[in-house]
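The lines below spell out each chain.
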2 protein chains.
Amino acid sequence: MAAFADLAEIARLRVWDGVAARVVGGTGLTLAFIELEPSSIVPEHSHPHEQIGVCVSGSLSFTVDREERDIGPGGTWEIPGGVPHEVRVGPDGASVIEAWSPHRDDWDALETLEQAPPPWPAS
Amino acid sequence: MAAFADLAEIARLRVWDGVAARVVGGTGLTLAFIELEPSSIVPEHSHPHEQIGVCVSGSLSFTVDREERDIGPGGTWEIPGGVPHEVRVGPDGASVIEAWSPHRDDWDALETLEQAPPPWPAS
């Protein structure tokens, strides 16, 4: 009934250039562990899914519906469905954890990247 | 439209004895940052909400529908709605991040605990 997995076993998916995600998918929600390369950019986009996240390490500048915020470790965000948002990653890259509801069915088509040790948490 | 908050600003709620959560709530999902005291126990319970989580630090033993698993940093779990689960926390305590869908409306009634610095991430 339950699924257990270690982050290191989970495939890395290419979400954007320089942005890789390990996904733990459910039925009604998706939880993802995301690595963003230094100075990478998530271009403005929107989706019907509600999105909540936290910065684990590094820094990023989040723009949500024209409101821009610099975010470091421990910073959280909550984005209603349908609201445009973009991210500019700081010079040291960033690791974030994000959850979406409903499930990100659209991510089923993402390309699998070469496996690599998760940057987080330190083992 | 968006909400930004630092973990350190978010109230700590009492979920169980020895278990405190900082919640970033959405409409259709809930994301929570949970601190579990050493040797604390989350007694067996179930809820209609689907639940996905990851261990950030420490250790715990998760029993989901009679399947028991020892989990350390980087370990993840996915629990369908309605499935009984319980947690026994290791001797050093644990920090976990969990997401539920739908939103945990039932948590609106939780007691607020004394504020304390978040154990994670290191600032």
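As the structure is a prediction and not an experimental result, all values here were calculated from the model.

> So, the overall build of chain A: which residues are in play, and what are the values?
For chain A, the helix and strand inventory stands at 0 helices and 9 strands. In sequence order, chain A lays out its α and β elements as β-β-β-β-β-β-β-β-β. Scaling as 2.2 N^0.38, a compact globule of 123 residues should have a C-alpha radius of gyration of about 14 Å, and chain A matches this with 14 Å. Put simply, chain A has 123 residues, and 53% of those count as buried. Across chain A, every contact between residues at least 6 apart in sequence was considered, and the portion connecting residues at least 24 apart equals 66%. One way to put it: in chain A the 7 positive side-chain charges average out to a point 4 Å from where the 20 negative ones average out.

> How would you summarise the interface of chain B and chain A if you had to cite specific residues and measurements?
Listed as interface residues are 43 residues of chain B and, on the opposing side, 43 residues of chain A. At the boundary of chain B with chain A, total buried surface from both sides reaches about 3,500 Å², with 67% on carbon and sulfur atoms. The tally of links from chain B across to chain A stands at 0 salt bridges. Across the contact surface, chain B and chain A share 11 residue pairs in polar contact (both at pLDDT 80 or more). Elements that contribute at least two residues to the side of chain B that touches chain A include exactly strand 1 (3-6), strand 3 (19-25), strand 4 (30-36), strand 6 (50-64), strand 7 (67-71), strand 8 (75-79) and strand 9 (85-101) of chain B. Here the side of chain B that touches chain A gets 8 residues from one element, more than from any other, and that element is strand 6 of chain B. For the side of chain B that touches chain A, the per-class residue count stands at 28 nonpolar, 9 polar and 6 charged.

> Could you give an account of the relation of the copies chain B and chain A, with specific residues and numbers?
Once chain B has been moved 0.0 Å along the axis and rotated by 180°, it coincides with chain A to within an RMSD of 0.0 Å. Expressed as an axis order, the relation between the two copies is that of a two-fold axis. Looking at the interface residues of chain B, 100% of them are also at the interface in chain A, so both copies use one shared face.

> Summarise the environment of A5 of chain A; cite the residues concerned and give the values.
Along the chain, the position of A5 of chain A falls in strand 1 (residues 3-6). The partly exposed category is assigned to A5 of chain A, whose relative accessible area is 23%. In the structure, A5 of chain A is positioned 60 residues away from D65 of chain A in sequence and 35 Å away in space, judged by C-alpha atoms. Residue contacts for A5 of chain A: discarding those within four places in its chain leaves I10 of chain A together with G74, G75 and T76 of chain B.

> Describe in detail the pattern of salt bridges, supporting the description with residues and values.
Going through the model one piece at a time under the given rule, you end up with 12 salt bridges over all chains. Of the charged contacts in the structure, one is a salt bridge between R14 of chain A and D17 of chain A, with a shortest N-O distance of 2.8 Å. Residue class for D17 of chain A comes out exposed when judged on its relative accessible area of 59%. We note a salt bridge from D106 of chain B to R104 of chain B, for which the minimum N-O separation is 2.7 Å. Using a relative accessible area of 42% as the deciding quantity, one classes D106 of chain B as partly exposed. When salt bridges that share partners are traced, they join R12, R22 and E35 of chain A into one network.

> Tell me about the state of the cysteines, and please be specific about residues and values.
Overall, the coordinates contain 0 disulfides over all chains when judged by the stated rule. The closest cysteine sulfur to the non-disulfide-bonded C55 of chain A is located on C55 of chain B, 19 Å from its own sulfur. Judged by relative accessible area, C55 of chain B falls into the buried class, the value being 0%.

> Residues and numbers for the nonpolar core, please.
Ranked by internal contacts, the top residues of the largest apolar core, which has 24 residues, are W120 of chain A together with W120 of chain B. At the level of elements, strand 4 (30-36), strand 6 (50-64) and strand 9 (85-101) of chain A together with strand 4, strand 6 and strand 9 of chain B are the ones that each hand at least two residues to this core. Those residues within four positions of W120 of chain B in sequence are excluded, and the remaining contacts are V54, V56 and W120 of chain A together with L7, F33, V56 and I97 of chain B.

> Explain empty space enclosed by the protein residue by residue, including any values.
In this structure the tally under the stated criterion is 2 cavities of 30 Å³ or more. The space that makes up the largest cavity amounts to roughly 80 Å³. Together, L7, R22, F33, I34, E35, V56, S95, V96, I97, P118, P119 and W120 of chain A line the largest cavity. At the level of elements, strand 4 and strand 9 of chain A are the ones that each hand at least two residues to the lining of the largest cavity. For the lining of the largest cavity, the residue count by class is 9 nonpolar, 1 polar and 2 charged. As a volume, the second largest cavity reaches approximately 60 Å³. As for the second largest cavity, its lining consists of L7, R22, F33, I34, E35, V56, S95, V96, I97, P118, P119 and W120 of chain B.

Criteria and thresholds
Residues numbered from 1 in each chain as written. Chains lettered and ligands numbered in written order. Predicted model: local features only at pLDDT ≥ 70, side-chain atom pairs only at ≥ 80, totals over all residues. Heavy atoms only, no water. Helix = DSSP H or I, 4+ residues; strand = E, 2+ residues; numbered from the N terminus. Rg over C-alpha atoms; globule rule 2.2 N^0.38 Å. Buried < 20%, exposed > 50% of the residue type's maximum accessible area, 1.4 Å probe, protein only. Contact = heavy atoms within 4.5 Å. Lys, Arg positive; Asp, Glu negative; His and termini not counted. Charge placed at Lys NZ, Arg CZ, Asp CG, Glu CD. Buried area = accessible area lost by both parts, 1.4 Å probe. Salt bridge = Lys/Arg side-chain N within 4 Å of Asp/Glu carboxyl O. Polar contact = N/O pair within 3.5 Å; in protein donor to acceptor, adjacent residues only side chain to side chain. Nonpolar A, V, L, I, M, F, W, Y, C, P; charged D, E, K, R; others polar. Least-squares fit on C-alpha atoms with pLDDT ≥ 70 in both. Disulfide = S-S within 2.5 Å. Core = buried A, V, L, I, M, F, W, Y, C linked by side-chain atoms within 4.5 Å. 1 Å grid on protein atoms, 1.4 Å probe; cavity = no way out; pocket = protein on both sides within 12 Å on 5 of 7 lines; lining within 4 Å. Points joined across faces, edges and corners; volume = space filled by probe spheres on them.

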